Every structure is written in C-alpha cells, then in structure tokens.
Amino acid sequence: MPIAAAALETHPRFFFAFRQGARLLLEIYDADPLLAGLFSSQQRWLMSHAAFALACSRDPEDPSSGLYAARFISLVVEKQVASKNTAADFIQEILANGFVRVVAGHEDRRRKPLQATELPDRAMSQWLELHLAGLDGIDGGTRVETYRSDPGLQYRLQPKIAERILVERSVRTQGPAFDLFTWANFGGLILDLLIAEVNPGIEGAGFANDRLPAGRLSLTETARRFTISRTHVVRLFGKAAELGDIGWSGRRGESDIWISRRLLQQYWRYQAAKHALVDEAFEAVVNGGSARTA
C-alpha cells in the first residue's frame, strides 16, 4: 500500500529524507544551472513535468500523441499552471537550450513532435529516484531497486505522477510564506537552500521551537549562485521577514538565519503530499493499483 500523506506529515524521519532531497537538488543545480533552472519555481516545475509526461506519451502510430507546442500550451492553460504566452515561451526556451528536439522525420510546419534529450531525461530520472529513495527510507521498501532494474519504468511512472501533481492543490499552495518562495523566480531553490541547512537539534527537539536555525546565508552570495539580482533576493527575504517566517540572529543578511516552524510545516506538508502522490503512482504502475487521471 502507498504511504499516505498524513503518515508522512507525522513521521519524524521524513524530515531528514526531504532535507537530503533538498541538498541533492541543489547539487544538481550547481552541476548544471541551466537545466536545473527548469525546476526553479513552482510554475516551471509543473510545466517541466507536463512537457516530459507528454513526451513520454508519444505513440508512433498516433500522430496526435506526444509533446508538441499546441498540445502542451493547451494542457498548461487547462490546468491553470500558466498563461498561453508563458507556456509558449517555455517551449521555445527548452527548444533553444536543447532540452527537447524535433522527432526526426517529423519536421512538419503545423505540428512538430518533440522529444526530451539526454540531459532532462537524466535529470528527471534523478528526481524520481530521489523521491523513491526518500520513501524507501521511511518504510524500508525496495522502490529504488525496482526502478533501477527496469529501464522503461521512468517513462511509465513519470506521466502518472504528472497527472496527479497537475491537479493536486496541496503541491501548489501551503501558506503565504511557502507560496511566496515557491512561486517566485528561483524562490523554490532558495527555499530548498534554507531547508537544506535547518538543524532540528538532538532527536528533533527543535521541531517544537517557533524558530529553527538554518545556518548563515549571504544574500549577495545567494544572488550570485542563482544568477539573479540581489534586489530580488532582498525583496523576497524582506517579505518573508514581514510575515514572521524568516529572521536573523543579528544583523540582517550578515548573521545566522532562522526560519519559522510554520514555514517548515508548510514545506513539510508539501513534501508529504508530493511524496504520497509519487508513491501512489508507483503503486499504480508497478503493482497495478488504482490509477487516477487528470
């Protein structure tokens, strides 16, 4: 049986699973910033999953299947992820950056079927394995072993996950501070950066505190790391501070930072909902559990 989100919300070991996941995602970003930028905000993350799922669905016998611009734009607008113009710009971006290419032999002016190239294919596989490993760490399962033993599982599993995340409200919104970060440009990665450094203390005693230490974070270095303006980072942290969800032990931007228990709980609920959807999809694909459609 898949692990329910409610069980993950109350499982103390789950924090360490998703904190490790945040650290690994940051490593992926540092290795290839352009590629990891596809996951830098909630909107781009959702569009990336939608595009990859459509690419996985291509049937050579069905010319209307798979990923092509008009179909992607229609899906993204239907699921209220982005506007038509934003979706169209995203397709042009991933084409220009070589993350997708036109399927050979189908260079039709009206409809150009697209397929993912090796880089996003590998990144999506890393994302899937990261989440499956987190679930295995909770119940001692063998999801990662199953995943690695079946080269085609990625292309059956990811579309089922995408179906779920595109309609599940709990992976889009959790509260003001969470939404502030995750829907901002590179805000999702900045929030991962904070979570990656959270220290709950011995045996998680710090979870009961209103403020949890998250190390020392330079706003200037954060802006440089993600190639964004310092003004954007300062504004983002300033708004979070006004909400009472971010603060410093001393001088702002130059001392140890803390995040509120409320922000951690919002992030925790989001991760629980997301991992539960991944597990539900895994069960549906691997063990023939009930499938949900978007």
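Residues numbered from 1 in each chain as written. Predicted model: local features only at pLDDT ≥ 70, side-chain atom pairs only at ≥ 80, totals over all residues. Heavy atoms only, no water.

1. With respect to the overall build of the protein chain
Summing up its helical and strand segments, the protein chain has 14 helices and five strands in all. The C-alpha atoms of the protein chain give 19 Å as radius of gyration, which agrees with the globular expectation for 294 residues (19 Å, within 12%). On the principal axes, the C-alpha backbone points of the protein chain span a range of 60 × 45 × 30 Å. Within the protein chain, the fraction of its 294 residues that count as buried is 50%. Taking all contacts inside the protein chain whose residues are at least 6 apart in sequence as the whole, residues at least 24 apart take part in 67%. Counting only carbon and sulfur atoms, one obtains 49% of the accessible surface of the protein chain, whose full area is about 13900 Å². (Helix = DSSP H or I, 4+ residues; strand = E, 2+ residues; numbered from the N terminus. Rg over C-alpha atoms; globule rule 2.2 N^0.38 Å. Buried < 20%, exposed > 50% of the residue type's maximum accessible area, 1.4 Å probe, protein only. Contact = heavy atoms within 4.5 Å. Areas by Shrake-Rupley, 256 points an atom, 1.4 Å probe, with all protein chains shown as cover.)

2. Let's talk about the nonpolar core
Counting 90 residues, the largest nonpolar core has Phe-72, Phe-237 and Ile-246 as the members making the most contacts within it. If we ignore the near neighbours within four places in the chain, the residues touching Ile-246 are Phe-181, Leu-194, Phe-237, Ala-240, Ala-241, Ile-257, Trp-258, Ile-259 and Leu-263. (Core = buried A, V, L, I, M, F, W, Y, C linked by side-chain atoms within 4.5 Å.)

3. Topic: helix 14 (residues 261-286)
For helix 14, which comprises 26 residues, the first-to-last C-alpha distance of 36 Å matches the rise-based estimate of 38 Å (1.5 Å per residue) to within 8%. Count one or two residues on from helix 14 and you reach Gly-288, which has phi positive near 75 degrees. (Expected span 1.5 Å × (residues − 1).)

4. Describing unusual backbone geometry
Located in the positive-phi region is Phe-186, a residue other than glycine, with phi close to 65 degrees. Within the secondary structure, Phe-186 sits in the loop between helix 10 (176-182) and helix 11 (187-196). Since its relative accessible area comes to 13%, Phe-186 is described here as buried. You will see that Thr-227, though not glycine, has its phi angle at about 55 degrees, which is positive. Mapped onto the elements, Thr-227 comes out in the loop between helix 12 (219-225) and helix 13 (230-243).

5. Considering the side chain of Ser-260
Looking at the secondary structure, you find Ser-260 in strand 5 (residues 256-260). For Ser-260, a relative accessible area of 5% translates into the label buried. At 2.9 Å, the side chain of Ser-260 forms a polar contact with the backbone nitrogen of Leu-263. Ignoring any residue separated from it by four or fewer positions in sequence, one finds Ser-260 in contact with Asp-210, Leu-212, Gly-244 and Asp-245. (Polar contact = N/O pair within 3.5 Å; in protein donor to acceptor, adjacent residues only side chain to side chain.)

6. Structural notes on the environment of Ile-161
If you trace the backbone, Ile-161 turns up in helix 9 (residues 153-165). For the pair Ile-161 and Ala-104, spaced 57 residues apart in the sequence, the C-alpha separation amounts to 28 Å.

7. Some thoughts on the pattern of salt bridges
Enumeration over the complete set of coordinates arrives at 15 salt bridges. For the salt bridge of Glu-78 with Lys-79, the shortest nitrogen-to-oxygen distance reads 3.6 Å. A residue is classified by how much of its surface remains accessible, and Glu-78, at 55% relative accessible area, is exposed. A salt bridge links Asp-279 to Arg-143, with the shortest nitrogen-to-oxygen separation between them at 2.8 Å. Taken as a pair, Asp-279 in helix 14 and Arg-143 in helix 8 (residues 143-149) lie far apart in primary sequence, 136 residues in all. Arg-143 matches Asp-279 in its accessibility class, with the two residues each being buried. Several salt bridges converge on common partners, so that one network encompasses Asp-136, Asp-139, Arg-143 and Asp-279. (Salt bridge = Lys/Arg side-chain N within 4 Å of Asp/Glu carboxyl O.)

8. A word on the sheet that holds strand 5
Pairing within the open sheet is antiparallel, and its three strands lie in the order 3-5-4. Looking at the sheet topology across the chains shown, the edges are occupied by strand 3 (211-216) and strand 4 (246-248). Taking each pair of neighbouring strands and ignoring which way they run, the sheet shows an average axis angle of 30 degrees. As defined by bridge partners, strand 4 adjoins strand 5 across three bridges and the pair is classed as antiparallel. Paired with Ile-246 across the bridge in strand 5 is Ile-259. Contacting strand 3, strand 4 and strand 5, helix 14 crosses the sheet at an angle of about 65 degrees to strand 5. (Pairing = 2+ DSSP bridges. Axes fitted to C-alpha atoms, helices over the stretch in contact; angles between N-to-C directions.)

9. Topic: the packing of helix 4 (residues 42-56) against helix 7 (residues 118-139)
Where helix 4 meets helix 7, the closest approach of the two axes is 12 Å, and the angle between their N-to-C directions is 110 degrees. Between helix 4 and helix 7, the angle falls in the class roughly perpendicular. The two elements helix 4 and helix 7 meet at a crossing, and its hand is left-handed. Between helix 4 and helix 7, the contacting residues are Trp-45, Ser-48, His-49 and Phe-52 on the first element and Pro-120, Asp-121, Met-124 and Trp-127 on the second. Broken down by class, the residue content of the contact of helix 4 with helix 7 amounts to five nonpolar, two polar and one charged. (Parallel < 35°, antiparallel > 145°, perpendicular 65-115°, else oblique. Left-handed = near helix turned anticlockwise from the far one by under 90°. Nonpolar A, V, L, I, M, F, W, Y, C, P; charged D, E, K, R; others polar.)

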